[in-house]
Amino acid sequence: MARIIVITSGKGGVGKTTTAAALAMGLAQRGSRTAVIDFDVGLRNLDLIMGCERRVVYDFVNVINHEANLNQALIRDKRCDNLYVLPASQTRDKDALTKEGVGRVLDELSQGFDFIVCDSPAGIEHGATMAMYYADDAVVVTNPEVSSVRDSDRMLGILASKSRRAESNEEPIREFLLLTRYDATRVDNGEMLSVKDVQDILSLNLLGVIPESKAVLNASNAGVPVILDRESDAGLAYGDAVGRYLGEDLPHRFVNAEKKGFFSRLFGG
Amino acid sequence: MGLLDYFRSSQPKGSANVAKERLQILVAHDRAERHRPSYLPNLQREILEVIRKYVDVDMNAVSVNYEQEETHEVLELNIVLPDTVRNRA
Ligand SMILES: Nc1ncnc2c1ncn2[C@@H]1O[C@H](COP(=O)(O)OP(=O)(O)OP(=O)(O)O)[C@@H](O)[C@H]1O
Ligand SMILES: [Mg+2]
């Protein structure tokens, strides 16, 4: 049986797809058979971030509609044998994701995989609720910014009331906070909410803090999940987040700004 | 960062604390909304109907407030009777 992880946020553009690609790759590299699914019907992006856009033949909706089977639609990652991508459909209407259809595909995937990572679309509408419905774990991707934190809190309310686990009175979804696009210097200057500020409000299990990083755009330009960039701060931070998810107790790096000495501050270093 | 900035940075901090305060209020409000039982509107309407059998009150004379405290929930009913009631009695 696979563990189903939803990458969710409420607010758009906070880094869900970046995170889904990184976590899926990280889990696969550590030896777990992992599938990552794009739930963003109509706006598929995950295949681009994963660098497999030219290999898409069938998609998630084709499988739900019995127009293709899973083996035809799953794309095996060229860098990591344990990793498969199930792309979203580009054109169809969003109601193509039915609760039954999604459930059936996840069930079938569960037979052969250890982890299924679901990349949620933005919002709290149909696509987002389908992505989180069957989840065992939720990674709530949040930027240190008021509307993102607020939407994350609303998403927590939905996870706690509208998921399969909630409806069947099972143990609730495990919720993790991933704070992304964090700029420690701006936090130090009092211009940006700190990890602690966000945690005072959301108080979740902190999976990681991903710094604002040029490496993320470089990675998406190249179609390489940023976790593969071991030189980069964001890549290392995602690597740590995967370790924590798997139970490792790791200190949070990149949370503090590099301290400038008194003299470099004095003379504008 | 120049000399002036260095001394300036020891002054009250930037906008993050304002953001946090606003968020705390907003999120508390959102959560209260979320936890309101769904029967509240019906409860309010039925109470109003009962009262209107006896007293000629306004449609918005009854307000129902729901609050979650640490260990219990408080359901607060507020009924405003018109002045004439007292005179009639
Ligand atoms: N840590 C980061 N540092 C810098 N840029 C980032 C970081 N994380 C994400 N971004 C950038 O933010 C943008 C949005 O990222 P992404 O597509 O992952 O967000 P999303 O939550 O999936 O968006 P949507 O809600 O539209 O699906 C991208 O341009 C990405 O490169
Ligand atoms: Mg996305």
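Definitions and limits used
Residues numbered from 1 in each chain as written. Chains lettered and ligands numbered in written order. Predicted model: local features only at pLDDT ≥ 70, side-chain atom pairs only at ≥ 80, totals over all residues. Heavy atoms only, no water. Helix = DSSP H or I, 4+ residues; strand = E, 2+ residues; numbered from the N terminus. Buried < 20%, exposed > 50% of the residue type's maximum accessible area, 1.4 Å probe, protein only. Contact = heavy atoms within 4.5 Å. Areas by Shrake-Rupley, 256 points an atom, 1.4 Å probe, with all protein chains shown as cover. Lys, Arg positive; Asp, Glu negative; His and termini not counted. Charge placed at Lys NZ, Arg CZ, Asp CG, Glu CD. Phe/Tyr/Trp six-rings, centres within 6.5 Å; stacked < 30°, edge-to-face > 60°. Lys NZ or Arg CZ within 6 Å of the ring centre and 35° of its normal. Near = heavy atom within 4 Å. Polar contact = N/O pair within 3.5 Å; in protein donor to acceptor, adjacent residues only side chain to side chain. Nonpolar A, V, L, I, M, F, W, Y, C, P; charged D, E, K, R; others polar. Patch = residues over 30% accessible without salt bridge, like charges linked within 9 Å, V, L, I, M, F, W, Y side chains within 5 Å. Salt bridge = Lys/Arg side-chain N within 4 Å of Asp/Glu carboxyl O. Core = buried A, V, L, I, M, F, W, Y, C linked by side-chain atoms within 4.5 Å. pLDDT = per-residue confidence, 0-100. Axes fitted to C-alpha atoms, helices over the stretch in contact; angles between N-to-C directions. Parallel < 35°, antiparallel > 145°, perpendicular 65-115°, else oblique. Left-handed = near helix turned anticlockwise from the far one by under 90°.

**Thoughts on the overall build of chain A**
Item 1. The helix and strand tally for chain A stands at 13 helices and eight strands.
Item 2. Burial analysis of chain A (269 residues in total) assigns 57% to the buried set.
Item 3. A fraction of 74% describes how many contacts in chain A between residues 6 or more apart in sequence connect residues 24 or more apart.
Item 4. As displayed, chain A offers around 11,800 Å² of accessible surface, 47% of which is attributable to carbon and sulfur atoms.
Item 5. A gap of 3 Å separates the mean positions of the 31 positive and 38 negative side-chain charges of chain A.

**A closer look at the packing of aromatic side chains**
All names here are of chain A.
Item 1. This structure, assessed with the given rule, holds five aromatic pairs over all chains.
Item 2. Ring geometry for tyrosine 84 versus phenylalanine 113: centroids 5.5 Å apart, planes at 80°, classification edge-to-face. With tyrosine 84 in strand S4 (residues 83–86) and phenylalanine 113 in the loop between helix H5 (99–112) and strand S5 (115–119), this pair connects stretches of sequence that are 29 residues apart.
Item 3. Between the aromatic rings of phenylalanine 176 and tyrosine 245, the centroid separation amounts to 5.7 Å while the plane-to-plane angle is 65°, which identifies the pairing as edge-to-face. With phenylalanine 176 in strand S7 (residues 174–182) and tyrosine 245 in helix H12 (residues 233–245), this pair connects stretches of sequence that are 69 residues apart.
Item 4. Judged by relative accessible area, which is 11%, tyrosine 245 ranks as buried.
Item 5. Three or more aromatic residues joined by ring pairs make a cluster, and in this case those are Phe115, Phe176 and Tyr245.
Item 6. Arginine 33 extends its terminal NZ or CZ atom over the ring of phenylalanine 113, reaching a point 5.0 Å from the ring centre.

**Quick word on the environment of A:Ile116**
All names here are of chain A.
Item 1. Mapped onto the fold, isoleucine 116 is located in strand S5.
Item 2. Separated by 75 residues in the primary sequence, isoleucine 116 and valine 41 place their C-alpha atoms 17 Å from one another.
Item 3. Excluding its chain neighbours within four sequence positions, the residues that come into contact with isoleucine 116 are Ala2, Arg3, Ile4, Ile5, Ala35, Ile37, Leu106, Leu109 and Ser110.

**Section: the site of ligand 1**
Residue and element names in this part refer to chain A.
Item 1. Ligand 1 sits among 15 residues. The nearest are Gly13, Lys16, Thr17, Thr18 and Ser213.
Item 2. Between an oxygen atom of ligand 1 and a main-chain N or O atom of valine 14, the distance comes to 3.2 Å.
Item 3. Take arginine 181: an N or O atom from its side chain is 3.0 Å from an oxygen atom of ligand 1.
Item 4. A per-element tally of the shell around ligand 1 places helix H1 (residues 16–29) first, with three residues.
Item 5. Residues of the shell around ligand 1, tallied by class, amount to five nonpolar, six polar and four charged.

**Observations regarding a negative patch on the surface**
Item 1. On the surface, a cluster of negative charge is made up of B:Glu67, B:Glu69, B:Glu70 and B:Glu76.
Item 2. Summarising the element assignment, B:Glu76 is placed in strand S2 (residues 73–79).

**Details of the side chain of A:Asn62**
Residue and element names in this part refer to chain A.
Item 1. On the secondary structure map, asparagine 62 appears in helix H3 (residues 60–64).
Item 2. We classify asparagine 62 as buried; its relative accessible area is 8%.
Item 3. In terms of polar contacts, asparagine 62 uses its side chain to reach the backbone amide nitrogen of aspartate 59, at 3.0 Å.

**Structural notes on the nonpolar core**
All names here are of chain A.
Item 1. Core analysis: the largest hydrophobic core is formed by 59 residues, its most contacted members being Phe39, Phe60, Leu97, Val102 and Leu109.
Item 2. Sequence-distant contacts of leucine 109, that is, excluding residues within four places in its chain, are made with Ala35, Ile37, Leu70, Leu74 and Ile116.
Item 3. Residues Val14, Leu27, Ala28 and Leu83 belong to the second largest nonpolar core, which totals 39 residues.

**Details of the confidence of the model for chain B**
Interpretation of this model should avoid reading the predicted coordinates in detail wherever pLDDT is low.
All names here are of chain B.
Item 1. Mean pLDDT over chain B works out to 79, with 79% of the residues at or above the 70 mark.
Item 2. Across chain B, helix H2 (residues 16–35) holds the top mean pLDDT of 91, while helix H1 (residues 3–8) sits lowest at 56.
Item 3. Two numbers describe this predicted complex: its pTM, 0.85, and its ipTM, 0.83.

**Observations concerning the packing of helix H7 (residues 146–162) of chain A against H2(B)**
Item 1. In contact at an axis separation of 10 Å, H7(A) and H2(B) are set at 20° when each is read in the N-to-C sense. In terms of their interaxial angle, H7(A) and H2(B) are classed as roughly parallel. Relative to H2(B), the crossing made by H7(A) is right-handed. Contacts from A:Val146, A:Val149, A:Arg150, A:Asp153, A:Arg154 and A:Gly157 in H7(A) reach B:Ala19, B:Leu23, B:Leu26, B:Val27, B:Asp30, B:Arg31 and B:Arg34 in H2(B).
Item 2. Taken together, the residues that form the contact of H7(A) with H2(B) break down as six nonpolar, one polar and six charged.

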